[in-house]
Amino acid sequence: MKDSSTPPSRARDLPPVRARPGALALRLALLATVATLLLGAPPARAADSADSADSAHEGVSLAVEPIFGVDLAASSGWTDLIVRVAAPAGRPLRGELRATSGGSAPGAVTLPVEVDARGTAQVLLPARCLGGELVVTLTDERGVVIATRRVLTRPRSSPALLVWSDTRLASELRGDEIPGRYAPSDDMKLRVGRVERDPRTAAAIAPDSATAYGQVDVVLMRAEELSALGATPLAALTTWVLGGGTLAVVPGAADQLTEAPFAALLGGPTRRATSDDGRARFGGGNLRDTALGAVASYGLGEVHVLDFDPLSLGGAHDAWAQARVRELVSRAFERRDLRAFPSHAMVGRDPDGAVLRALDPNQTYRGALALAALVLTAYAVLAGPFIHLRARRRRRPLDPLVHAPLLSAGAFALIVVIGLSSKGFGGRARRVTLVESGAGVTRGTGVTYRGFFTSHITHLAVPSASAGGRLARVNRYDGASLDQYAVSPGGVQLTDLTVRPWRTVVVQESGLTYDLQGGVSMRRVA
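**A look at the overall build of the chain**
Inference 1: When helices and strands are tallied, the chain shows 10 helices and 24 strands.
Inference 2: The burial tally for the chain puts 42% of its 526 residues in the buried class.
Inference 3: In the chain, 69% of the contacts between residues at least 6 apart in sequence involve partners at least 24 apart.
Inference 4: Split by element, the accessible area of the chain, about 28300 Å² in all, is 57% carbon and sulfur.

Structure, rendered in structure tokens:
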């Protein structure tokens with residue numbers, strides 16, 4: 001009899017299948033190739049992109065210098081930098097300039113720049129310095145850094161002279177001791193700067209803000225150079241004089257100074273005559289005779305019309321002319337103490353906290369505090385003896401259990417409303433302007449403080465009131481965040497200003513003039 005059962009599977013009797021060494025190696029090689037392609041392609045593309053960027057920026061140069069030279073580079077406050085960008089001809093370049101300063105209140109100022117087909121660009125870059133150095137960076141449209149330059153500043157407060165003309169007077173006077181009654185430890189060695197010229201037009205490169213003259217005591221220039229200034233540079237210079245600066249003008253061969261700048265600065269047309277001793281005499285306007293020629297007051301400043309020419313080749317080497325220039329600088333240096341808001345100091349500072357107390361709603365709480373005290377006093381009287389006496393008279397001893405919670409809730413609501421009303425429900429923006437002017441003058445200079453207070457985190461952009469105004473956050477000592485400034489045709493703007501809830505941020509603006517609609521003069525009556 002045959003067995004009809006299914007025969008056992010022969011697979012159980014087969015030996016186990018083992019992977020061949022050649023196939024395993026082939027698989028590992030394929031995986032390694034795929035990984036190399038996937039991981040190696042991006043770096044290759046990045047390297048090619050970097051190489052192409054380097055080749056595109058090849059030949060681009062960046063030159064930076066302070067507008068009045070290294071001697072007059074501001075170590076604290078706003079200054080201007082002359083930035084020249086050169087690129088190969090026929091390769092236009094668009095990018096951004098960025099001036100960064102460190103210290104306890106770091107800041108960065110950005111300015112768009114464009115190099116035309118001629119391959120050169122020259123711009124004035126405002127920068128706020130807080131000691132140490134300024135770092136100027138040139139980047140392209142993609143943010144790739146092309147070049148970086150550093151500008152060193154020195155904290156010096158010695159007398160400073162700005163020579164507008166390119167003469168040898170600057171080299172002859174630099175480092176001279178300025179006469180005067182000063183402490184032996186005071187640095188009285190003269191610092192001298194000069195105005196650069198545009199290589200294409202030969203015109204003077206003058207600042208458009210009075211704050212750029214913060215390190216200068218005297219500006220020495222010729223009459224024709226003053227007449228050649230444009231409207232914006234002239235406004236910056238006259239604003240600086242109005243605020244206490246000293247301008248010395250060499251009139252040249254003209255017998256009359258009748259042009260608009262001189263008539264405004266000197267108080268009217270000026271004429272020149274020769275005295276019996278051969279000296280030039282000037283009259284007209286507000287001029288009065290001095291040992292240096294004639295002088296006229298302009299606001300808190302002075303305008304000198306010199307009867308000698310220290311800017312000529314002979315005058316630059318003349319010891320007598322040099323001594324008179326040193327006397328002029330000494331006079332202007334002593335006038336620093338007459339200014340309440342000197343342009344070289346008090347930038348972003350509120351030493352005694354008076355401005356913050358005037359602008360901060362948290363510190364102007366006396367009225368609200370008095371009203372809240374009255375509410376609490378009334379609550380204490382009503383919730384205490386009044387409702388208990390009332391309940392006793394009506395013979396309802398449980399009434400205080402109802403009236404006391406209601407009075408408590410009402411007093412609490414009133415105090416909350418008073419507190420919110422004193423601080424503001426959404427936010428507040430306040431402004432305080434401090435102006436100083438000369439006797440009888442209808443225009444003055446000063447500073448404006450703007451306080452911003454909100455109930456929630458707010459990001460603001462604060463523009464300057466004019467093209468010559470310069471902004472700064474007040475009393476910043478944290479050194480943590482970076483203040484961002486942007487330069488536009490309308491002036492400098494403080495961008496991305498963060499205001500924390502229930503905290504006041506104060507922004508100062510300087511370099512402005514104000515029309516007072518009248519003047520005040522005080523005279524001593526014998």
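**Some points on helix 9 (residues 366-394)**
Inference 1: Over its 29 residues, helix 9 runs 40 Å from end to end, which matches the ideal 42 Å to within 8%, given 1.5 Å per residue.
Inference 2: Largest kink in helix 9: about 35 degrees, centred on phenylalanine 386.
Inference 3: Every buried residue of helix 9 is listed here: Ala368, Ala372, Val375, Ala383, Ile387 and Ala391.
Inference 4: Positive backbone phi, at 60 degrees, marks arginine 395, one or two positions downstream of helix 9.

**Brief notes about a nonpolar patch on the surface**
Inference 1: On the surface, Leu398, Leu401, Val402 and Leu406 cluster together into a nonpolar patch covering about 450 Å² of accessible area.
Inference 2: Along the chain, the position of valine 402 falls in helix 10 (residues 399-423).

**A word on unusual backbone geometry**
Inference 1: Its identity is not glycine, yet alanine 202 carries a phi of approximately 65 degrees, on the positive side.
Inference 2: Mapped onto the fold, alanine 202 is located in the loop between strand 9 (191-194) and strand 10 (218-222).
Inference 3: You can call alanine 202 exposed: its relative accessible area is 53%.
Inference 4: One non-glycine residue, arginine 395, lies in positive phi territory at about 60 degrees.
Inference 5: Structurally, arginine 395 can be placed in the loop between helix 9 and helix 10.

**Regarding the sheet that holds strand 21 (residues 470-473)**
Two modes of strand pairing occur in sheets, parallel and antiparallel, and in both the strands are linked by backbone hydrogen bonds.
Inference 1: Strand order in the open sheet formed by four strands is 18-19-24-21, and the pairing between neighbours is antiparallel. Every other strand in the sheet has two partners, leaving strand 18 (427-436) and strand 21 as the edge strands with one partner each. Ignoring which end each strand starts from, the neighbouring axes of this sheet average 20 degrees apart.

**As for the packing of aromatic side chains**
Inference 1: With the rule as written, the count across this model stands at four aromatic pairs.
Inference 2: Ring plane angle 85 degrees and centroid distance 5.3 Å describe the contact between tryptophan 78 and tyrosine 485, whose orientation is recorded as edge-to-face. Of the two residues, tryptophan 78 sits in strand 2 (residues 76-86) while tyrosine 485 sits in strand 22 (residues 483-488), which places them 407 residues apart along the sequence.
Inference 3: In textbook terms, an aromatic cluster arises when at least three aromatic residues are bridged by ring pairs, as seen for Phe68, Tyr213 and Trp240.

**As for the side chain of arginine 222**
Inference 1: With respect to the helices, strands and loops of the structure, arginine 222 is situated in strand 10.
Inference 2: At 3.2 Å, the side chain of arginine 222 and the side chain of aspartate 309 are in polar contact.
Inference 3: Ignoring sequence-local partners within four residues, the contact set of arginine 222 consists of Ser165, Val249, Val250, Asp309, Leu311 and Ser312.

**Quick word on the sheet that holds strand 5 (residues 120-130)**
Inference 1: Taking strand neighbours across the sheet as the criterion, the three strands line up as 1-2-5 in an open arrangement whose pairing is antiparallel. The sheet is open, and its two edges are formed by strand 1 (61-66) and strand 5, each paired on a single side. Taking each pair of neighbouring strands and ignoring which way they run, the sheet shows an average axis angle of 25 degrees.
Inference 2: As paired elements, strand 1 and strand 2 share six bridges and run antiparallel to each other. The partner of valine 64 across the bridge, within strand 2, is valine 83.

**Points about the pattern of salt bridges**
Inference 1: Per the counting criterion, the structure on display carries 17 salt bridges.
Inference 2: In this structure, arginine 84 engages glutamate 65 in a salt bridge whose closest nitrogen and oxygen atoms are separated by 2.8 Å. Placement of arginine 84 in strand 2 and of glutamate 65 in strand 1 is noted, with a sequence separation of 19 residues between them.
Inference 3: On the basis of relative accessible area, arginine 84 is assigned to the partly exposed category, the value being 24%.

Scoring rules and cut-offs
- Counting restarts for each chain, with residues numbered from 1 along the sequence as it is written.
- Restriction of local features to residues with pLDDT of at least 70 applies here, the model being predicted, together with a cutoff of 80 or more for giving and counting side-chain atom pairs; totals for whole chains, interfaces and linings are based on all residues.
- With hydrogens and water set aside, each side-chain value is computed from the structure's full complement of heavy atoms.
- Runs of H or I in DSSP of at least four residues are treated as helices and runs of E of at least two as strands, each being numbered from the N terminus.
- Buried residues are those whose accessible area, probed at 1.4 Å on protein chains only, stays under 20% of the maximum for their type, while exposed residues exceed 50% and partly exposed ones sit between those limits.
- Residue contacts are defined here by distance: any two heavy atoms, one from each residue, within 4.5 Å place the two residues in contact.
- A 1.4 Å probe and the Shrake-Rupley method give the accessible areas. Residues count as covered only by the protein chains that appear here.
- By this rule the span expected of a helix is its residue count minus one, scaled by 1.5 Å.
- The term bend refers to the angle at a residue between two fitted axes, each drawn through seven residues, those ending there and those starting there.
- Patch building starts from residues that exceed 30% relative accessible area and form no salt bridge, then joins like charges within 9 Å and nonpolar side chains (Val, Leu, Ile, Met, Phe, Trp, Tyr) within 5 Å.
- Each reported salt bridge corresponds to a side-chain nitrogen of Lys or Arg within 4 Å of a carboxyl oxygen of Asp or Glu.
- A pair of strands is labelled paired if DSSP reports no fewer than 2 bridges between them.
- What counts as an axis is a line fitted to C-alpha atoms, over the stretch in contact for a helix, and the angles between N-to-C directions run from 0 to 180 degrees.
- Put simply, two rings from Phe, Tyr or Trp (the six-membered ring, in Trp's case) pair if the centres are within 6.5 Å, and we call them stacked under 30 degrees between planes, edge-to-face over 60, tilted for the rest.
- Think of a polar contact as two N or O atoms within 3.5 Å of one another; within protein, one of them needs to be a possible hydrogen donor and the other a possible acceptor, and neighboring residues in sequence only count if both atoms come from side chains.

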